[in-house]
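# Secondary and tertiary structure notes
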Amino acid sequence: VSVSRAIKPFAEPGRPPDWFSQKHCASQYSELLETTETPKRKRGEKGEVVETVEDVIVRKLTAERVEELKKIIKETQEKYRQLKKDAELIQAGHMDSRLEELCNEIMMWVISLL
């Protein structure tokens, strides 16, 4: 229960209400454990740190999230550059015929960010 409550504030929009239920979180975790390759234990000195399945899962999910965030940042930067270019063209008077269309496009983009 504590895990499902703790991660709820980080929900992506559009998730169903039961996404953070205790049962669903348990099934997702179980699936992660089943699909993650168990690290081979090494024989060595006592006190040697051995990577656990949980460590592998955390590393994998962290890498996936980093890639997602990089993609989002890149898309946002590209959109910003396009909007900046459009703003310069508007100020120069070259886009007067498309002002209403551009305004609607910008408003839809802003709404999608919220």
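Source: prediction; values computed, not measured.

What follows covers the overall build of the chain. Tallying secondary structure elements over the chain gives four helices and zero strands in all. Shown N-terminal to C-terminal, the secondary structure of the chain runs as helices and strands in the order α-α-α-α. Here the C-alpha radius of gyration of the chain, 23 Å, is well above what a compact globule of 114 residues would show, namely 13 Å. Structurally, the chain occupies a C-alpha span of about 75 × 35 × 20 Å along its principal axes. For the chain, buried positions account for 11% of its 114 residues. Counted over contacts in the chain with a minimum sequence separation of 6, partners at least 24 positions apart contribute 18%. Of the side-chain charges in the chain, 20 are positive and 21 negative, and the distance between the mean point of each set is 5 Å.

Once that is clear, we can look at the environment of C25. Secondary-structure assignment places C25 in helix α2 (residues 22–35). Separated by 65 residues in sequence, C25 and I90 place their C-alpha atoms 49 Å apart. The residues contacting C25, other than those within four sequence positions of it, are S4, I7, W19 and F20.

Domain parsing of the chain yields domain 1 (1–35) and domain 2 (50–113). Averaged C-alpha coordinates put domain 1 and domain 2 at centres separated by 26 Å.

So, about the pattern of salt bridges. On inspection of all chains with the given rule, the structure shows four salt bridges. As a salt-bridge pair, E67 and K70 come within 3.8 Å of each other at their nearest N and O atoms. Residue E67 and its partner K70 are both found in helix α3 (residues 53–91); the two are separated by three residues, about one turn of the helix. One salt bridge connects K79 with E105, and the closest N-O pair in it is separated by 3.2 Å. Here K79, found in helix α3, pairs with E105, found in helix α4 (residues 99–113); they are 26 residues apart in sequence, far enough to count as distant.

Glancing now at the packing of α2 against α3. Taken N-terminus to C-terminus, the directions of α2 and α3 make an angle of 100°; their axes are 10 Å apart at the nearest point. For the element pair α2 / α3, the angle class is roughly perpendicular. In contact with Y29, L32 and L33 of α2, α3 contributes V53, E54, I57 and L61. Residue composition of the contact of α2 with α3, grouped by class: six nonpolar, no polar and one charged.

A word on the side chain of D86. Assignment of secondary structure puts D86 in helix α3. Sequence-distant contacts of D86, defined by excluding residues within four places in its chain, comprise M95 and L102.

On average, residues of the chain score 83 in pLDDT, and 91% of them reach the 70 mark or higher. Within the chain, α3 carries the highest mean pLDDT (91), whereas helix α1 (residues 2–7) carries the lowest (74).

Cut-offs used in this document
Just so you know, the residues in each chain are numbered from 1, in the order the chain's sequence is written. A pLDDT threshold of at least 70 governs which residues receive local features in this predicted model, and a stricter bar of 80 or more applies before side-chain atom pairs are shown or counted, although totals over entire chains, interfaces and linings include all residues. In computing side-chain properties, one takes all heavy atoms of the structure into account and sets aside hydrogens as well as water. Numbering of helices and strands starts at the N terminus; helices are DSSP runs of H or I of at least 4 residues and strands are runs of E of at least 2. Radius of gyration: C-alpha atoms only; globule rule: 2.2 Å multiplied by the number of residues to the exponent 0.38. Each residue gets one of three labels from its accessible area relative to the maximum for its type: buried under 20%, exposed over 50%, partly exposed in between, using a 1.4 Å probe on protein chains only. Contacts between residues were defined by any pair of non-hydrogen atoms, one from each residue, lying within 4.5 Å. The charged-residue count follows a simple rule in which Lys and Arg add positive charge and Asp and Glu add negative charge, with His and chain termini not counted at all. Charged side chains are reduced to one point each, which is NZ for Lys, CZ for Arg, CG for Asp and CD for Glu. Each domain span listed reflects an automatic or database assignment of domains. By convention in these notes, a salt bridge is any Lys or Arg side-chain nitrogen within 4 Å of a carboxyl oxygen on Asp or Glu. For helices, the axis comes from a line fit to the C-alpha atoms of the stretch in contact; other axes are also lines fit to C-alpha atoms, and the angle between any two N-to-C directions lies between 0 and 180 degrees. The labels follow the angle: roughly parallel below 35 degrees, roughly antiparallel above 145, roughly perpendicular from 65 to 115, and oblique for the rest. Polar here means any residue outside two lists: the nonpolar Ala, Val, Leu, Ile, Met, Phe, Trp, Tyr, Cys and Pro, and the charged Asp, Glu, Lys and Arg; Gly therefore counts as polar. Note: pLDDT gives the predictor's confidence per residue, expressed from 0 to 100.

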